[in-house]
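Below are the chains, spelled out letter by letter.
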Amino acid sequence: MSDQFVYSFGGDYTEGNAGMKNLLGGKGANLAEMIKIGVPVPPGFTITTATCVAFYENQRQYPEVLEGQVRAALRRTEVTMEKGFGNSEKPLLFSVRSGARVSMPGMMDTVLNLGLNDETIKGLIAGSGSARFAYDSYRRFIQMYGNVVMGIEGEKLEVLLEEAKTKKGVELDTELDADDLKQLVADLKAEVKKQTGTDFPDDPYDQLWGAITAVFDSWNTKRAETYRRLNDIPDHWGTAVNVQTMVFGNMGEECATGVAFTRDPSTGENLFYGEFLINAQGEDVVAGIRTPQPINEVGRKDSTLPSLETVMPDLYSELVTVYQKLEKHYTDMQDLEFTIENHKLWLLQTRNGKRTVKAAIKIAIDMVAEGLIDKREAVMRVEADKLDNLLHPTLDPDADKTLIAKGLPASPGAACGEIVFCADEAETMNADGHKVILVRAETSPEDINGMNAAQGILTSRGGMTSHAAVVARGMGKCCVAGCSEIFVDYENDTFKVGTSLFKKGDIITLDGSTGEVFTGKIATIIPQLDSDFQTFMEWADKFRKLNVRTNADTPHDATVARGFGAEGIGLCRTEHMFFEEKRIRAVREMILADNLDGRKLALAKLLPEQKSDFIGIFKAMDGLPVTVRLLDPPLHEFLPQNEDDIKELADIMGVSLAALKERTEALHEFNPMLGHRGCRLGISYPEIYDMQVRAIIEAACEVAKAGIKVIPEIMIPLVADVNELKFLKDRSKIICDEIIAASGTAIEYMIGTMIELPRAALTADVIAQEAEFFSFGTNDLTQTTYGLSRDDAGKFLSDYTDKKIFANDPFVSIDIDGVGALVEIGVTRGRTTRPNLKVGICGEHGGEPKSIAFCHRTALNYVSCSPFRVPIARLAAAQAAISDS
């Protein structure tokens, strides 16, 4: 590890660059890069992520050389700015901000105006000519430092500001004069002493080290940990700290602060887009404390406030030049923070902007057309998992609606749920199965858990660049922000619109694409995917090597999946076809029959039903392979559980209730997932599999005669020993060949197995002597490798991930070291026996991007997933191939 922990930037000098994100964090690396390309950036220095790692590894102790490096960087900044840190005549003030490798908007702490005390404020007054501005900055500093560094609840300090306004009889902060604010500073200091028992620190160096430590500490706050978990950001990365000269947007009417995106982050439209406030600091814009103004006329939306383009046309023009330079340099949509101090523009940050998946696709396609990136890079620009958001239903335009309010369309989509006002309560209710809408005056980083749990977010304050809007877009959550018509009353858990009152638990619907809020639940429709989506997916398909199939048990599911680009069915679960009322009776008769003839009689009733199912599926998948898994679950799952259903079945079968109960109890197993199921049923009751094989092949022959190409693949589940497979395969082949010969059709079929037991993977070379294909059932393979019941593990697996014992839930993302090793063994050994062995995966992992990347590296032929995850799998497979190359 290098001994350099501090990197300076400012003026024409910089020690970093954009390629140093791992060390300097995204913000620090981009500040350095902006200076290199001539963008005006306030000077400062970055304390590296390596410092954060060392801080935590050494029980919150800093490297010995750090203090000296910080002082040296401070001196360089003082020289550049011609000011002094702690100097009472020309004071140098700093912002102290976090900066991880990847953007974590609002999740870690910030301190502004650092360096102010009762002496340095004199210099700030003299330099600015405004005592009001100086004391406003001072009170902001005490509030922020008291909360972030000294641990005082923000509300306990905020209430003093509200009391000051009430005492004077005004509503806005800007209506307090210098004397009011000076008294507020004294009151805030007194409250800090009351809350903490210590004085507010006056020494600027003490302030600085307190803020640096607070930012490093904020890496492990609950909100930051939640955000990392949701976005799969490793805990060991750590954050950098950026100490940067303060520039002030709140010094008067020639000052402003704002946030801008080089393209619309919601739609992807190639329009410069953003919001700003005159005479304000940056947190005022993103926190939604004041309603922001549009940055330009084209992005006005419903605002009636003047734009930066009209108020300061020369600075707007300069900002346009800067944004165009940055987007061309980074070849991606940028999220900018800027401040105008006394009519001079400063850039405080640039980063790749968070965007909706719809915007991500449009931006990628447009940038290829503009020659900024190629198709390979375009495919890598869209997060595969986020495609799921495009496939969510939207509000039915013909449905009856009662509009109650309208805000800003901050993040598109439709969401319906029960009103809830507290983030923790949203999380709890979601865990209990409730769908909720989180309603807040404005959100803060502490609300991240509730925002994640909610179906959608509604705020009464804030704009399109507020915390709620930015985080919701990143999550793919529907959000309506700045809905000023609603008044939120946290104390009574209500919000009011005019004379209408809405309580916690009432149901509302949000349209994040229009900003509209409706009462009740509104019908939705399946979204229509546009030409940009189709073009983008065609590009992805050109790069991927893995085929993508679907898990589908009905013709409808098969048709939906094919519409999403599925290239076959990798798992058709026959047991799902048995639960229709007419069929379940025949299934139960078969299970409860006490002799072979009785079972065959019941199975004869099922044969035409199963055949009909397969005909529909084969027609839907014309020309594509269909893998049908023979009966897998234990038989007791098909039996009635309550007294009335058992009695009804006894009457139908003409047996006594006692006899039926006795037979049902005889089928009970202590551990049914490892019991009499899968191929074990086929061996004990071969007539069951005989019927299913007959239904598959008769259906295939009938459909083939109609001129439809059929590719049936019969899959025998839960094989542990090759002799199990041989016994069932031999019986199946006799049935198949007899039916095909009798029909006079030429159908090619395959018989293979699921690899879902460790022994099967370890003996795959032997099993491949009989199996013509393998499909890894990674749900059961994970279960049997870990010795975990997937039905019960959910009750405690969160303890493992929360305590960092498991990095991920192994049922969500494949365990590469354990389960993955068995898959690799199975593939390698299987292909030593049968070099052209077709191998796929059909567990839930088949639609999870990291697992798909593993499948690509392991040279599987295909993955199979639920219909609505097919596009995700297609894109993830393409990205895996591109990364591999």
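Check the entry above for the structure.
Residue indices follow the written sequence of each chain, beginning from 1 at its first position. Whole-chain, interface and lining totals are the exception, using all residues; otherwise, since this is a predicted model, local features are given only for residues with pLDDT of at least 70 and side-chain atom pairs are given and counted only at 80 or more. Processing note: side-chain calculations cover all non-hydrogen atoms of the structure and skip hydrogens and water entirely.

Visitor: Any chance you could break down the nonpolar core for me, citing the residues and the numbers?
Guide: If you look at soluble globular proteins, the nonpolar side chains tend to sit buried side by side. Core analysis: the biggest nonpolar cluster contains 162 residues, and Leu387 and Ile697 have the highest contact counts within it. The numbering of helices and of strands both runs from the N terminus, where a helix is a DSSP run of H or I of at least 4 residues and a strand a run of E of at least 2. No other element matches helix α25 (residues 686-705), which puts eleven residues into this core. Contact between two residues is taken to exist if any of their heavy atoms lie within 4.5 Å; hydrogens are not considered. The residues contacting Leu387, other than those within four sequence positions of it, are Val357, Ile361, Val382, Phe533, Met537, Pro871, Ile872 and Leu875. Leu124, Val170, Leu181 and Leu184 belong to the second largest nonpolar core, which has 56 residues in total. Among buried residues, the Ala, Val, Leu, Ile, Met, Phe, Trp, Tyr and Cys ones that are joined through side-chain atoms within 4.5 Å form a nonpolar core. Exposure is judged per residue with a 1.4 Å probe applied to protein chains only, and the accessible area is read against the type maximum: over 50% gives exposed, under 20% gives buried, and values in between give partly exposed.

Visitor: So what about a nonpolar patch on the surface? Which residues, and what values?
Guide: Together, Phe796, Tyr800 and Ile805 give the surface a local cluster of nonpolar side chains, amounting to about 270 Å² of exposed area. Within the element layout of this structure, Phe796 appears in the loop between α29 (778-786) and α30 (797-802). Here, patches come from residues exposed beyond 30% relative accessible area and free of salt bridges, joined within 9 Å for like charges and within 5 Å for nonpolar side chains (Val, Leu, Ile, Met, Phe, Trp, Tyr). Calculation of accessible area relied on Shrake-Rupley with a 1.4 Å probe; when residues are assessed, cover is drawn exclusively from the protein chains displayed. By definition, a salt bridge exists where a carboxyl oxygen of Asp or Glu is found within 4 Å of a side-chain nitrogen of Lys or Arg.

Visitor: Describe empty space enclosed by the protein, naming the residues involved and giving the relevant values.
Guide: Only protein atoms enter the 1 Å grid used here, on which a cavity is any set of points holding a 1.4 Å probe that cannot leave and a pocket is any open set flanked by protein within 12 Å on both sides along at least five of seven lines; residues with an atom within 4 Å of a point are listed as lining. Grid points are joined across faces, edges and corners, and a volume is the space filled by probe spheres set on the points. What the rule picks out here adds up to one cavity of 30 Å³ or more. The volume enclosed by the largest cavity comes to roughly 130 Å³. As for the largest cavity, its lining consists of 17 residues, of which Arg97, Met246, Val247, Thr339 and Leu348 are closest to the centre. Elements with a minimum of two residues in the lining of the largest cavity: β4 (94-100), β6 (239-245) and α10 (282-286). When residues are grouped by polarity, Ala, Val, Leu, Ile, Met, Phe, Trp, Tyr, Cys and Pro land in nonpolar, Asp, Glu, Lys and Arg in charged, and all others, Gly among them, in polar. Of the residues in the lining of the largest cavity, the class split is seven nonpolar, eight polar and two charged.

Visitor: Which residues make up the packing of helix α18 (residues 531-543) against helix α33 (residues 870-884), and what values go with them?
Guide: The angle between two axes is taken between their N-to-C directions and runs from 0 to 180 degrees, where each axis is a line fitted to C-alpha atoms and a helix contributes only its stretch in contact. Close contact between α18 and α33 brings their axes to 8 Å; oriented N to C, the two are set at 45°. Classified by the interaxial angle, the pair formed by α18 and α33 is oblique. Relative to α33, α18 is oriented so that their crossing is left-handed. Between α18 and α33, the contacting residues are Phe533, Phe536, Met537, Ala540, Asp541 and Phe543 on the first element and Pro871, Arg874, Leu875, Ala878, Ala881 and Ile882 on the second. Here the angle decides the label: under 35 degrees means roughly parallel, over 145 means roughly antiparallel, 65 to 115 means roughly perpendicular, and every other value means oblique. Each crossing is labelled by how the near helix is turned from the far one, with a counterclockwise turn of less than a right angle marking it left-handed and a clockwise turn marking it right-handed.

Visitor: Break down the sheet that holds strand β30 (residues 773-776) for me, with residues and values.
Guide: Spatial strand order, β25-β26-β27-β28-β29-β30-β31-β32: eight strands in a closed barrel with parallel pairing. Neighbour to neighbour, the strand axes of the sheet diverge by 25° on average, direction disregarded. At least two bridges found by DSSP between two strands are what make those strands a pair. Bridge analysis of strand β25 (residues 547-551) against strand β26 (residues 569-573) gives two bridges, and the strand direction is parallel. When the bridges of β26 are listed, Asn551 appears paired with Leu571.

Visitor: How would you explain the side chain of Lys729 if you had to name every residue and give the values?
Guide: With respect to the helices, strands and loops of the structure, Lys729 is situated in helix α26 (residues 722-743). Lys729 sits in the buried class, given a relative accessible area of 10%. Look past the residues within four positions of Lys729 in its chain and what remains in contact with it is Ile716, Ile751, Glu770 and Glu772.

Visitor: Can you tell me about the environment of Glu158, naming the residues and giving the values?
Guide: Position of Glu158 among the secondary structure elements: in helix α6 (residues 154-168). We define a polar contact as two N or O atoms separated by no more than 3.5 Å, with the added condition that, inside protein, one atom must be a possible hydrogen donor and the other a possible acceptor, whereas residues neighbouring each other in sequence contribute only through side-chain atom pairs. One polar contact links Glu158 to Gln143, side chain to side chain, over a distance of 3.1 Å.

Visitor: Before we move on, can you summarise unusual backbone geometry with the specific residues and values?
Guide: In this model, Glu82 sits at a positive phi of 55°, which is unusual for a non-glycine residue. Here Glu82 shows up in the loop between α3 (66-81) and β4. A relative accessible area of 59% places Glu82 in the exposed class. Although it is not a glycine, Asp232 sits at a positive phi angle of roughly 55°. Examined against the element boundaries, Asp232 turns out to sit in the loop between α9 (222-231) and β6. Overall, Asp232 belongs to the partly exposed group, its relative accessible area being 44%.

Visitor: Now, about the packing of α6 against helix α7 (residues 178-196): what can you tell me, with residues and values included?
Guide: Packed helix pairs are specified by the crossing angle of their axes together with the interaxial distance, meaning the distance between the axes. The geometry of α6 relative to α7 is characterised by a closest axis approach of 10 Å and an angle of 145° between their N-to-C directions. The element α6 and its partner α7 pack so that their crossing is right-handed. Of the residues in α7, those touching α6 at Lys156, Leu157, Leu160, Leu161 and Lys168 are Asp180, Leu184, Asp187, Leu188, Glu191, Val192 and Gln195. In terms of residue class, the contact of α6 with α7 is built from six nonpolar, one polar and five charged.

Visitor: I'd love a proper account of the pattern of salt bridges, names of residues and values included.
Guide: As enumerated under the stated definition, the model contains 56 salt bridges in all. Measuring nitrogen to oxygen at the nearest pair gives 2.5 Å for the salt bridge that ties Glu687 to Arg599. Of this pair, Glu687 sits in helix α25 while Arg599 sits in helix α21 (residues 596-620), placing them 88 residues apart in sequence. The pair formed by Glu687 and Arg599 is uniform in burial state, with each residue classed as buried. Where Arg677 meets Asp780, a salt bridge forms, and the shortest distance between an N and an O atom there is 2.8 Å. Placement of Arg677 in the loop between α23 (657-666) and α24 (679-684) and of Asp780 in helix α29 is noted, with a sequence separation of 103 residues between them. It is possible to trace a salt-bridge network through shared partners that takes in Asp136, Arg139, Arg140, Glu162, Lys165 and Asp173.

Visitor: Break down helix α5 (residues 131-148) for me, citing the residues and quoting the values.
Guide: With 18 residues, α5 extends 25 Å between its outermost C-alpha atoms, agreeing within 8% with the 26 Å of an ideal straight helix rising 1.5 Å per residue. α5 sits mainly inside the fold: 15 of its 18 residues count as buried. To estimate the expected span of a helix, subtract one from its residue number and multiply by 1.5 Å.

Visitor: Which residues make up the pairing of β25, and what values do they have?
Guide: The buried count for β25 comes to four of five residues, which makes it a mostly enclosed element. Relative to strand β32 (residues 862-865), β25 runs parallel, the two being bridged by four bridges. Within β32, the residue paired with Asn547 across the bridge is Tyr862.

Visitor: Run through a negative patch on the surface, naming residues and quoting values.
Guide: Positive residues here are Lys and Arg, negative ones are Asp and Glu, while His and the chain termini are left out of the count. By convention, charge coordinates are those of NZ in Lys, CZ in Arg, CG in Asp, or CD in Glu. Residues Glu253, Glu254, Asp314 and Glu318 make up a contiguous surface patch of negative charge. Relative to the assigned elements, Glu254 resides in the loop between β6 and β7 (256-261).

Visitor: Can you tell me about the sheet that holds strand β2 (residues 13-14), naming the residues and giving the values?
Guide: If you walk across this open sheet you meet the six strands as β2-β1-β3-β6-β4-β5, and the pairing is antiparallel. Among the strands making up the open sheet, the edge pair consists of β2 and β5 (110-114). Of the pairings in the sheet, the one linking β4 to β5 comprises three bridges and is antiparallel in character. Bridge pairing in β5 links Val96 to Val111. Against the sheet, helix α1 (residues 21-36) engages β1 (6-10), β2, β3 (44-47), β4 and β6, with an angle of about 120° to β4.

Visitor: Any details on the side chain of Thr574? Residues and values, ideally.
Guide: Within the secondary structure, Thr574 is located in the loop between β26 and α20 (581-592). Among the polar contacts made by the side chain of Thr574, one reaches the main-chain amide nitrogen of Leu631 at a distance of 3.5 Å. Within polar-contact distance, the side chain of Thr574 engages the side chain of Gln692 at 2.9 Å. Once residues lying within four places of it in the same chain are set aside, the contact partners of Thr574 are Gln610, Phe614, Val628, Arg629, Leu630, Leu631 and Gln692.

Visitor: Go over α26, please, and point to the residues and values.
Guide: In an α-helix, one turn spans 3.6 residues; hence positions three or four apart end up facing the same way. Taking 1.5 Å of rise per residue, the 22 residues of α26 would be expected to cover 32 Å, and the 31 Å separating its terminal C-alpha atoms lies within 8% of that figure. For α26, the complete set of buried residues consists of Val722, Glu724, Leu725, Leu728, Lys729, Ser732, Ile735, Cys736, Ile739, Ile740 and Ser743. In a view along the axis of α26, the buried residues occupy a sector of 160°, so they form one face of it. Pointing more than 90 degrees away from the buried face of α26 are the exposed residues Asn723, Ile734, Ala741 and Ala742. Residues of α26 that are buried sit in contact with α24, α25, β28 (711-716), β29 (750-755) and α28 (764-767). Gly744 sits one or two positions beyond α26 and adopts a positive phi of about 75°. The arc in question is the one spanned by the directions pointing from the helix axis to the C-beta atoms.

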